[in-house]
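Topology and contacts: notes
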Amino acid sequence: MNETSPEARGGAAPGRIVLLTTSHRVAPGLLSWPAWQALRTADDVLCADGAHPQLPYLREAGIAVAEASPTAEELVGACAGGRTVVVVATGEGEPALTDGLARLAGSGRIAMPELELLPASYDLPGARLLDLVQVMDRIRAECPWSSRQTHEGLAKYGIEEAYELVEAIEAGDRAELREELGDVLLQVVFHSRIAEEDPDAPFSVDDVAGGIVAKLVHRHPHVFGDERAETPEDVKKHWLRTKAEEKRRESVTDGVPLGQPGLALAAKLASRTRTAGLDVPLPQGDGIGYELLALAARAEAAGTDPEAALRAAARAYRDAIRAAEGLPA
C-alpha cells in the first residue's frame with residue numbers, strides 16, 4: 001500500500017501547533033526570543049484563561065490573543081492549510097488538549113499538524129522559594145494558628161528544627177535531611193513574614209536574603225574580588241578579617257551566644273581564643289563543670305566537635321540500654 005501525502009488526503013498541508021508554556025515564577029512578559037518569534041509569526045494565538053498573567057503583556061506587544069478552549073479536533077482543523085496556531089498554556093499545562101492530540105495522532109486517521117512544546121520562560125535555581133513565600137503569605141493571612149504567631153512564640157521551634165537537622169546529618173538519612181532542611185527554611189520564611197508586620201522596624205524575606213548575599217560577597221574577596229586564597233586556611237583568614245571589620249567587636253567573645261549547649265559554648269570560646277592567638281589558661285576549680293570545660297577545650301584543639309562526640313556516645317549508650325531490654329537498636 002502506498003501512503004498518500006497530506007495534500008492528497010486533506011487537500012492542504014496540516015500546519016503547526018505550538019504549545020507555549022510559561023513559569024509563574026518569572027515576571028510576566030519576560031519571554032524567550034523563540035517564544036516571541038512564534039507569537040509574532042503565528043496565524044492564531046489562543047488562550048483558554050482570559051485572566052492569564054501573560055495576556056496584558058502580549059497584547060501590549062501587539063499580539064492578538066483570542067480567548068478560546070478548542071478541542072483537539074478543532075485545533076487540528078484550525079491548522080489546515082499550513083496555518084500555525086500558538087496555544088498559550090494555562091498553569092495546568094492543558095492536559096485535556098494534549099491527551100486529545102495524542103489520541104488523534106495514535107488513531108492514524110488524521111494528518112496531524114507538526115506539534116511543538118515551546119517553553120517561553122524557565123525557572124531559575126531557587127525559583128521554588130517564591131512558591132514558599134506565596135504559601136506563607138496565605139497561611140499567615142488565613143490560618144487561625146499561624147496568623148497569631150510571634151517571633152517569641154516560634155523561638156522554641158527554631159531550636160527544635162535545628163537539632164532535628166543535625167540529627168538527620170549525623171544519621172546519614174538523605175530523605176530526612178531534605179525534609180529537615182525544609183523545616184529550617186520554613187522557620188526563616190515564617191519569621192521574615194512576621195517581621196513585615198512590625199510597625200517600627202519591618203523587614204521582609206528579600207531583606208534577609210539581600211543581607212546574607214551582601215555578607216557572603218564581602219567575606220569572599222577571593223571569589224568576588226581581587227584577593228587570592230589557595231587553601232582553606234587562607235579562606236578562614238579572609239573570613240575572620242572581614243568579619244572583624246564588619247562587627248568592630250571589642251572582645252573575641254562578643255557574639256558568642258551564651259544560651260547554647262554548654263559543651264558547644266566551651267568549645268566556641270576555646271576556638272575564639274586559639275584563633276586570636278591569646279594564651280588564656282583555663283580556670284581551675286572543683287566540680288564536674290571545670291572538668292567538662294577542659295575536655296571541651298581539648299576536643300576543640302584536636303579538631304573534634306565535643307557536642308557531636310557526646311551525642312555519638314549517647315546514641316551508643318541508648319542502643320546498649322535497648323539491647324539490655326531485649327529491644328532492637
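Positions within a chain are numbered from 1, following the residues in the order the chain's sequence is written. In keeping with the predicted nature of the model, local features appear solely for residues at pLDDT of at least 70, side-chain atom pairs appear and are counted solely at 80 or more, and the whole-chain, interface and lining totals rest on all residues. The side-chain figures draw on all heavy atoms in the structure; neither hydrogens nor water molecules are used.

What follows deals with the packing of helix α9 (residues 205-218) against helix α11 (residues 232-247). Remark: α9 packs on α11, axes separated minimally by 9 Å, with the N-to-C direction vectors making an angle of 125 degrees. Considering their axes alone, α9 and α11 lie oblique with respect to each other. In contact with Lys215, Leu216 and His218 of α9, α11 contributes Trp239, Thr242, Glu245 and Glu246. Every angle, taken between N-to-C directions, lies between 0 and 180 degrees, and every axis is a line fitted to C-alpha atoms, over only the stretch in contact when it is a helix. Every helix listed is a DSSP run of H or I at least four residues long, and every strand listed is a run of E at least two residues long, numbered separately from the N terminus. Relative orientations are named as follows: roughly parallel for angles under 35 degrees, roughly antiparallel for angles over 145 degrees, roughly perpendicular for angles from 65 to 115 degrees, and oblique for any other angle. Contact definition: two residues touch when any of their heavy atoms are within 4.5 Å.

Our next topic: the packing of helix α12 (residues 262-275) against helix α14 (residues 306-324). Between α12 and α14, whose axes approach to 8 Å, the crossing angle comes to 150 degrees. Here α14 runs roughly antiparallel to α12, going by the angle between their axes. Here Gly262, Leu263, Ala264 and Ala267 of α12 come into contact with α14, specifically with Pro306, Glu307 and Leu310. Classes in brief: Ala, Val, Leu, Ile, Met, Phe, Trp, Tyr, Cys and Pro nonpolar; Asp, Glu, Lys and Arg charged; the others, Gly included, polar. Tallied by class, the residues present in the contact of α12 with α14 amount to five nonpolar, one polar and one charged.

Once that is clear, we can look at the sheet that holds strand β2 (residues 44-47). If you trace the five strands from one edge of the open sheet to the other, you get β3-β2-β4-β1-β5, paired in parallel fashion. Since the sheet does not close on itself, it has two edges, and those belong to β3 (66-67) and β5 (114-119), each with one partner. In this scheme, strands are said to pair when DSSP sees at least two bridges between them. Direction of pairing for strand β1 (residues 16-21) relative to β5: parallel, over a ladder of six bridges. Among the inter-strand pairings, Val18 is bridged to a residue of β5, identified as Glu116.

Attention shifts here to the packing of aromatic side chains. Only Phe, Tyr and Trp rings take part, Trp by its six-membered ring, and two of them pair if their centres are within 6.5 Å. Stacked means planes under 30 degrees apart, edge-to-face means over 60, and tilted covers everything else. Tallied over the full model, the rule gives two aromatic pairs. For the pair Trp145 and Tyr157, a centre-to-centre distance of 6.3 Å together with 75 degrees between the ring planes defines the contact as edge-to-face. Here the residue Trp145 occupies a position in the loop between α6 (128-142) and α7 (151-171), and Tyr157 occupies one in helix α7, the gap between them amounting to 12 residues. Here Trp145 and Phe190 contribute two aromatic rings whose centre-to-centre distance is 6.5 Å and whose plane-to-plane angle is 65 degrees, an arrangement assigned as edge-to-face. With Trp145 in the loop between α6 and α7 and Phe190 in helix α8 (residues 174-195), this residue pair connects regions lying 45 residues apart in the sequence. Residue classification places Phe190 among the buried positions, given a relative accessible area of 5%. Counting every residue linked through ring pairs, the aromatic cluster contains Trp145, Tyr157 and Phe190. Only protein chains enter the accessibility calculation, which uses a 1.4 Å probe. A residue is then buried if its area is under 20% of the maximum for its type, exposed if over 50%, and partly exposed in between.

This next bit is on the nonpolar core. Ranked by internal contacts, the top residues of the largest apolar core, which has 18 residues, are Leu20, Leu39, Val45, Leu58 and Val86. Contributing elements (two or more residues each) for this core: β1, α2 (33-41), β2, α3 (55-60) and β4 (84-88). The element that contributes the greatest number of residues to this core is α2, accounting for four residues. The residues contacting Val86, other than those within four sequence positions of it, are Val18, Leu20, Ala38, Leu39, Ala42, Asp44, Val45 and Leu46. Put simply, buried Ala, Val, Leu, Ile, Met, Phe, Trp, Tyr and Cys residues joined by side-chain atoms within 4.5 Å make one nonpolar core. Formed by 14 residues, the second largest nonpolar core is a distinct cluster that contains Leu75, Val76, Ala89 and Leu104.

Given a helix with a known number of residues, its expected span is that number minus one, times 1.5 Å. Spanning 19 residues, α14 covers 27 Å between terminal C-alpha atoms, matching the ideal 27 Å at 1.5 Å per step. With a side-chain oxygen lying 3.0 Å from the backbone nitrogen of Glu307, the N-terminal cap of α14 falls on Asp305. Directly after α14, the chain includes Gly326, whose backbone phi takes a positive value near 75 degrees. We call two N or O atoms a polar contact when they sit within 3.5 Å, provided that within protein one can donate a hydrogen and the other can accept it, with sequence-adjacent residues counted only if both atoms are side-chain atoms.

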